[in-house]
Amino acid sequence: MKYLVFGSKGQLGLEFCCYLGEKSIGVGREECDISNLDRVMDVVSSVKPGVIINCAAYNLVDNAERMYSDAFKVNALGVRNVAYACKKVGAFLVHFSTDYVFDGTKKGMYTESDVPNPLNMYGKSKLLGEQLLKEELDSRYLLFRVSWVYGRGKRNFVYKVLNWAKSMEVLKIACDEFSVPTSTSTIVSCSLKALETGLEGLYHLVNTGFTSRYEWASKILTVFGVKRFVYPVHRSEFSLPALRPYFSAMDNSLISEELDLEIRHWEEELEKFYKCIGSPV
């Protein structure tokens, strides 16, 4: 089986390429902007993959409020292009969405049956991408919603917290935003097992449990052995352009049951991440 990975320079794409090795062909944005259908078709026709894994995304949540056309080009139009290419060559598609398709008003964990209602442009662009994917492909796809993704690289909360700790004695972290920290390792291993099992459709793919940004930052510093004071504040103190859901934690029960798999708790997974790579800073 040959795998084509779009967005191979990002943390999730890199993890897939590292795991799959010679079975994968990674394509970065410089080689293929997925918002360009002709370029997508050229790459897909050349590689002739059995599976396309789309990790390409515009994920600058705050920038998307003013650069929304860029977000929609990649997260919506780009997804449609990749899905169209899959249909043309008969490839199976694996695509990733976000917990930010929800508004955070539910009293409990979000499941796959809950109705999305995104609050910001990033979430809206990702939801439209989901819808366009389903319009192009009746089946032969896996659509995974993920949250608070971290792995090797600098574009994640783990790296940011450790980097802030290098220059600040006190870290102010929001205590009123909740979701599920999820490692790229968890996403990759579960995605590939789902492919092997023959699953199709929409699933919430996250580590187990949930936490606040404040609690997550505190755990990061503890696990990595960094002593700093973490001060809880309301997220309104940061005056961020994009409105975020207060509670967008997703339930992974469905994918766990389908794969007959117990997905690690987010705290245990963070400890495993530290043992594997040490400090990313």
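Shown above is the structure to which this text applies.
Residues numbered from 1 in each chain as written. Predicted model: local features only at pLDDT ≥ 70, side-chain atom pairs only at ≥ 80, totals over all residues. Heavy atoms only, no water.

To continue, consider the overall build of the protein chain. Assigned secondary structure in the protein chain consists of nine helices and 12 strands. Whereas a compact globule of 281 residues would reach a radius of gyration of roughly 19 Å, the protein chain reaches 18 Å, a difference of no more than 12%. Counting only residues that meet the buried cut, the protein chain has 54% of its 281 residues in that class. Counting only contacts in the protein chain whose residues sit at least 6 apart along the sequence, the fraction spanning at least 24 positions is 80%. A total of about 13100 Å² of accessible surface is found on the protein chain, and carbon and sulfur atoms cover 50% of it. (Helix = DSSP H or I, 4+ residues; strand = E, 2+ residues; numbered from the N terminus. Rg over C-alpha atoms; globule rule 2.2 N^0.38 Å. Buried < 20%, exposed > 50% of the residue type's maximum accessible area, 1.4 Å probe, protein only. Contact = heavy atoms within 4.5 Å. Areas by Shrake-Rupley, 256 points an atom, 1.4 Å probe, with all protein chains shown as cover.)

Attention now moves to the packing of helix H5 (residues 157-167) against helix H7 (residues 213-223). Two numbers describe how H5 lies on H7: the axes approach to 10 Å, and their chain directions differ by 65°. By the angle class used here, H5 and H7 are roughly perpendicular. Read as a crossing pair, H5 and H7 show a hand that is right-handed. On H7, the residues touching Phe157, Val158, Val161, Leu162 and Ala165 of H5 are Arg213, Trp216, Ala217, Ile220 and Leu221. For the contact of H5 with H7, the class distribution of residues is nine nonpolar, no polar and one charged. (Axes fitted to C-alpha atoms, helices over the stretch in contact; angles between N-to-C directions. Parallel < 35°, antiparallel > 145°, perpendicular 65-115°, else oblique. Left-handed = near helix turned anticlockwise from the far one by under 90°. Nonpolar A, V, L, I, M, F, W, Y, C, P; charged D, E, K, R; others polar.)

Along the chain, Ser147 turns up in the loop between strand E5 (141-146) and strand E6 (149-150). Apart from residues lying up to four places away in sequence, Ser147 is in contact with Asp99, Ser179, Val180, Pro181, Thr182, Val206 and Met250.

Attention shifts here to the packing of aromatic side chains. Going through the model one piece at a time under the given rule, you end up with 14 aromatic pairs. Seen from their ring centres, Phe16 and Phe96 are 5.9 Å apart, and the 45° between their planes marks the pair as tilted. Of the two residues, Phe16 sits in helix H1 (residues 11-20) while Phe96 sits in strand E4 (residues 92-98), which places them 80 residues apart along the sequence. The pair formed by Phe16 and Phe96 is uniform in burial state, with each residue classed as buried. Ring centres of Phe102 and Tyr110 lie 4.1 Å apart, and the angle between their planes is 15°; on these two criteria the pair is classed as stacked. Accessibility assignment for this pair places Phe102 and Tyr110 in one class, buried. Of the aromatic side chains, those joined through ring pairs into one cluster are Trp148, Tyr150, Phe157, Trp164, Trp216 and Phe273. The ring of Phe157 has Arg213 lying over it, and the distance from NZ or CZ to the ring centre is 4.9 Å. If you follow Arg235 out to its NZ or CZ, it ends over the ring of Tyr246, 3.7 Å from the centre. (Phe/Tyr/Trp six-rings, centres within 6.5 Å; stacked < 30°, edge-to-face > 60°. Lys NZ or Arg CZ within 6 Å of the ring centre and 35° of its normal.)

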